[in-house]
Amino acid sequence: PLLRLMDLVGNAQQVLHVIYENDSSILLQDKRYGIADLEPALKEKFVSKEQVVRLSAEKKTELQKVISLMDVIRSAGFERIFVATERPDQRNAR
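Keep in mind the model is a prediction, meaning the values are calculated, not measured.

Here the focus is the environment of Leu69. Structurally, Leu69 can be placed in helix α3 (residues 63–75). On a C-alpha basis, the gap between Leu69 and Val18 in space is 9.5 Å, while along the polypeptide they are 51 residues apart.

Structure, rendered in structure tokens:
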């Protein structure tokens, strides 16, 4: 069966939301980072491997960009990554 985001969260302290706009504009909890600065910022927020990172990107984002960003997230210690293909604020914009 498919797991819902809340099922993945379990005992996690919080869900960290990463929004990819481009390599120099990545939002983590509403603060902007470049790709090179993201890993240290994520490490500061790391509590346990049970934490979930929700990664949002526009549908037109290249797959390799998403994979590279997932690699950065994993390098910071996170294992649970939930990927969304559109930004939450765009869903209700219609």
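For Gln29, which is not glycine, the phi torsion reads 50 degrees and is therefore positive. With respect to the secondary-structure elements, Gln29 resides in the loop between β2 (25–28) and β3 (31–33). Look at Asp30: it is not a glycine, yet its phi comes out positive at around 70 degrees. Tracing the chain through its elements places Asp30 in the loop between β2 and β3. Classification of Asp30 by relative accessible area gives exposed; the value is 75%.

This next bit is on the nonpolar core. Side chains of nonpolar character tend, in soluble globular proteins, to be buried together. By size, the foremost hydrophobic cluster in this structure holds 20 residues, and its most contacted members are Val18, Leu28, Leu38, Leu42, Leu55, Leu69 and Ile73. Looking at this core element by element, the count peaks at five residues for α3. Sequence-distant contacts of Leu42, that is, excluding residues within four places in its chain, are made with Leu16, Val18, Leu28, Val72, Ile73, Ala76 and Phe78.

To continue, consider the sheet that holds β3. Within the open sheet, the five strands sit side by side as β3-β2-β1-β4-β5. Their pairing is mixed. Two strands lie at the open edges of the sheet, namely β3 and β5 (80–84), each paired on one side alone. Taken over all neighbouring pairs, the strand axes of this sheet differ in orientation by 25 degrees on average, direction set aside. Relative to β5, strand β4 (residues 52–57) runs parallel, the two sharing five bridges. Within β5, the position partnered with Val53 by the bridge is Ile81. The sheet contacts of helix α2 (residues 35–45) involve β1 (15–22), β2 and β3, and relative to β2 the element is tilted by about 10 degrees.

All right, on to the confidence of the model for the protein chain then. Put simply, the protein chain has an average pLDDT of 82, and 76% of its residues get 70 or more. Here helix α1 (residues 5–9) is the element of the protein chain with the lowest mean pLDDT, 50, and β3 is the one with the highest, 95. Overall, residues 8–12 carries pLDDT values under 50, and its contacts beyond four positions in sequence, including any with other chains, amount to eleven contacts.

The next point concerns the packing of α2 against α3. Relative orientation of the contacting elements α2 and α3 amounts to 30 degrees, with a least axis distance of 8 Å. Of the two elements, α2 crosses α3, and the hand of that crossing is right-handed. In contact with Ile35, Leu38, Glu39, Leu42 and Lys43 of α2, α3 contributes Leu69, Val72, Ile73 and Ser75. Across the contact of α2 with α3, the residue classes break down as six nonpolar, one polar and two charged.

Basis of the calculations
- Residues numbered from 1 in each chain as written.
- Predicted model: local features only at pLDDT ≥ 70, side-chain atom pairs only at ≥ 80, totals over all residues.
- Heavy atoms only, no water.
- Helix = DSSP H or I, 4+ residues; strand = E, 2+ residues; numbered from the N terminus.
- Buried < 20%, exposed > 50% of the residue type's maximum accessible area, 1.4 Å probe, protein only.
- Core = buried A, V, L, I, M, F, W, Y, C linked by side-chain atoms within 4.5 Å.
- Contact = heavy atoms within 4.5 Å.
- Pairing = 2+ DSSP bridges.
- Axes fitted to C-alpha atoms, helices over the stretch in contact; angles between N-to-C directions.
- pLDDT = per-residue confidence, 0-100.
- Left-handed = near helix turned anticlockwise from the far one by under 90°.
- Nonpolar A, V, L, I, M, F, W, Y, C, P; charged D, E, K, R; others polar.

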